[in-house]
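# Descriptive analysis of the structure
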Amino acid sequence: MVEPTISAGNGTESAKNHFSKAVEEAKAGAQAFAGEVSSECKTRSGEAKDKASAFAADAKVKAAGYAEEGKAKASQAIVGVSKLIDDNAALIDEKVGVKYGDYARSASKSLADAGAKLDEKSIEDIGEDAKTFVRNSPWQALGIAAATGFVLSRLFRGK
């Protein structure tokens, strides 16, 4: 605190001195407080960044796991459809003709090959293939996305 001084002269001088010292003390206190707040903010900011990084890394690992699981299920589904077509090729031969049965066998083989290729590729490779396809055929990719969206909306509509 500021010590009161008694002067024989003007009381205004004394008040000015007290006010100046009080302002200086307030400035020093504000600077000290600002330093404390700044260091606390830096500490909290670092903690928040660390938590966000850990959360992002965890999310990335989980997403990769889900993508691998989805890829495996899609590959199994494609191979299953291929086997279903192959099993029914003889029936197609009987009902429609050998020519169409051969088409079914060819489609079945193509599906089996596609399932095997999908199973062999990594998620990163599939992503790169998708990017390349979209760059080379943007309108076709847009059409496929719209058709897929339409089919999915019809499937999940619930009516």
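Residues numbered from 1 in each chain as written. Predicted model: local features only at pLDDT ≥ 70, side-chain atom pairs only at ≥ 80, totals over all residues. Heavy atoms only, no water.

### Examining the overall build of the chain
Our working definition: Strands here mean DSSP runs of E at least two residues long; helices mean DSSP runs of H or I at least four residues long; both are numbered from the N terminus. C-alpha atoms define the radius of gyration in this analysis, and the globule rule sets the expected value at 2.2 Å times the number of residues to the power 0.38. The buried label goes to any residue with under 20% of its type's maximum accessible area, the exposed label to any with over 50%, and the partly exposed label to all in between, with areas taken from a 1.4 Å probe on protein chains only. Every residue pair with non-hydrogen atoms within 4.5 Å of one another is taken to be in contact. Using the Shrake-Rupley algorithm and a 1.4 Å probe, accessible areas are obtained, with residue cover drawn only from the displayed protein chains. In this tally Asp and Glu are treated as negative and Lys and Arg as positive; neither His nor the chain ends contributes. Throughout, a charge is located at the NZ atom of Lys, the CZ atom of Arg, the CG atom of Asp or the CD atom of Glu.
A count of helices and strands for the chain gives 5 helices and 0 strands. The order of α-helices and β-strands along the chain, N terminus first, is α-α-α-α-α. Its C-alpha atoms give the chain a radius of gyration of 37 Å, more than 25% over the compact-globule value 15 Å for 159 residues. Reported as C-alpha extents along the three principal axes, the dimensions of the chain are approximately 125 × 35 × 30 Å. The proportion of buried residues among the 159 residues of the chain is 8%. In the chain, once contacts between residues fewer than 6 apart in sequence are set aside, the share between residues at least 24 apart is 44%. Per element, the accessible surface of the chain, about 12,800 Å² overall, is 62% carbon and sulfur. One way to put it: in the chain the 23 positive side-chain charges average out to a point 7 Å from where the 23 negative ones average out.

### A few points about the packing of helix H1 (residues 11-87) against helix H3 (residues 98-120)
The packing of two helices is summarised by the inter-axis angle and the distance between the axes. Rule in force here: For helices, the axis comes from a line fit to the C-alpha atoms of the stretch in contact; other axes are also lines fit to C-alpha atoms, and the angle between any two N-to-C directions lies between 0 and 180 degrees. To sort the angles, those under 35 degrees are grouped as roughly parallel, those over 145 as roughly antiparallel, those from 65 to 115 as roughly perpendicular, and the leftovers as oblique. Throughout, a crossing is termed right-handed when the near helix is turned clockwise from the far one, and left-handed when it is turned anticlockwise from it by less than a right angle. Any residue that is not Ala, Val, Leu, Ile, Met, Phe, Trp, Tyr, Cys, Pro, Asp, Glu, Lys or Arg is counted as polar, Gly included; the first ten are nonpolar and the last four charged.
Where H1 contacts H3, the axes come no closer than 8 Å and their chain directions differ by 165 degrees. As the angle between them shows, H1 and H3 are arranged roughly antiparallel. Crossing of H1 against H3: the hand is left-handed. Of H3, the residues touching H1 (which contributes Lys71, Ala74, Ser75, Ile78, Val79, Val81, Ser82, Ile85 and Asp86) are Ala104, Arg105, Ser108, Leu111, Ala112, Gly115, Leu118 and Asp119. Looking at the contact of H1 with H3 residue by residue, the class counts come to 9 nonpolar, 4 polar and 4 charged.

### Observations regarding the pattern of salt bridges
As a reminder of what qualifies: Any carboxyl oxygen of Asp or Glu that lies within 4 Å of a side-chain nitrogen of Lys or Arg is treated as forming a salt bridge with it.
Inspection of the entire model under this criterion finds 9 salt bridges. For Lys62, the salt bridge identified is with Asp58, shortest N-O distance 3.9 Å. Within this pair, Lys62 and its partner Asp58 are both found in helix H1, separated by 4 residues, close to a single helical turn. Taken together, the shared-partner salt bridges connect Asp93, Asp102 and Arg105 into one network.

### Description of a nonpolar patch on the surface
Quick reminder of the rule: Patch membership needs two things, relative accessible area over 30% and no salt bridge, and members are linked within 9 Å if like-charged or within 5 Å if nonpolar (Val, Leu, Ile, Met, Phe, Trp, Tyr).
Nonpolar side chains collect at one region of the surface, where Phe150, Val151, Leu152, Leu155 and Phe156 lie side by side and expose about 570 Å² of accessible area between them. Here Val151 shows up in helix H5 (residues 138-156).

### Thoughts on the packing of helix H4 (residues 123-136) against H5
Relative to each other, H4 and H5 sit at 115 degrees, their axes nearing to 5 Å. Judged by the angle between their axes, H4 and H5 are roughly perpendicular. Contacts between H4 and H5 involve Phe133, Val134, Arg135 and Asn136 from the first element and Pro138, Gln140, Ala141 and Ile144 from the second. Broken down by class, the residue content of the contact of H4 with H5 amounts to 5 nonpolar, 2 polar and 1 charged.

### Topic: the environment of Ala77
You can see Ala77 is positioned in helix H1. The class of Ala77 is partly exposed, set by a relative accessible area of 44%. In the structure, Ala77 is positioned 37 residues away from Ala114 in sequence and 11 Å away in space, judged by C-alpha atoms.

### A closer look at the confidence of the model for the chain
Do not read the predicted coordinates in detail wherever pLDDT is low. Stated formally: The predictor attaches a confidence to each residue, and that confidence, scored 0 to 100, is pLDDT.
Predicted confidence across the chain gives a mean pLDDT of 85, with 92% of residues reaching 70 or more. The least confident element of the chain is H1, whose mean pLDDT is 86; the most confident is H4, at 90.

### Regarding H3
Defined as follows: A helix is expected to reach a length of 1.5 Å times the quantity of its residues less one.
Between its terminal C-alpha atoms H3 stretches 33 Å, which fits the 33 Å expected from 23 residues at 1.5 Å a residue. What H3 keeps buried is the set Gly101, Ala104, Ser108, Gly115 and Leu118.

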